[in-house]
Amino acid sequence: MTFTVADLADDEAVLLPCACGVRAFTKRELAALIGRDARLHLIGLRRELWCGECGEVPFEGSVVRRDRVHR
């Protein structure tokens, strides 16, 4: 079974680490950037999510509750 952005709960966020730190994306942000049907296990391949500072590709990520994200 493949999970997509649409499968994320409204209170979840995806954390994507890079050399600069960790960036968090909510379901709404991901849907706007890459679409609701984007597969979560492949989002690191989407250039829209690569870090603008270091250019690193986020090959690993994690899903957390949004209230655990520090912005």
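Refer to the structure presented above.
This write-up is about the structure you can find in this document. Small disclaimer: the values here were computed from a predicted structure and weren't measured.

In this structure, Val5, Leu8, Val14, Leu16, Phe25, Leu30, Ile34, Ala38, Ile43 and Leu49 together form the largest nonpolar core, which totals ten residues. Broken down by secondary-structure element, the contributors of at least two residues to this core are strand S1 (12-18) and helix H1 (27-34). Excluding residues within four positions of it along the chain, Val5 makes contact with Lys27, Leu30, Ala31, Ile34, Gly35, Arg36, Ala38 and Leu40.

To continue, consider the pattern of salt bridges. Applying the stated rule across the entire model yields two salt bridges. Note that Asp10 is salt-bridged to Lys27, the shortest N-O span being 3.6 Å. Here Lys27 lies in helix H1 and Asp10 lies in the segment before S1, a separation of 17 residues in the sequence. Residue classification places Lys27 among the buried positions, given a relative accessible area of 13%. We note a salt bridge from Arg46 to Glu48, for which the minimum N-O separation is 3.7 Å. What makes Arg46 partly exposed here is its relative accessible area of 29%. What makes Glu48 partly exposed here is its relative accessible area of 41%.

Each value, and the rule that gives it
Residues numbered from 1 in each chain as written. Predicted model: local features only at pLDDT ≥ 70, side-chain atom pairs only at ≥ 80, totals over all residues. Heavy atoms only, no water. Core = buried A, V, L, I, M, F, W, Y, C linked by side-chain atoms within 4.5 Å. Buried < 20%, exposed > 50% of the residue type's maximum accessible area, 1.4 Å probe, protein only. Helix = DSSP H or I, 4+ residues; strand = E, 2+ residues; numbered from the N terminus. Contact = heavy atoms within 4.5 Å. Salt bridge = Lys/Arg side-chain N within 4 Å of Asp/Glu carboxyl O.

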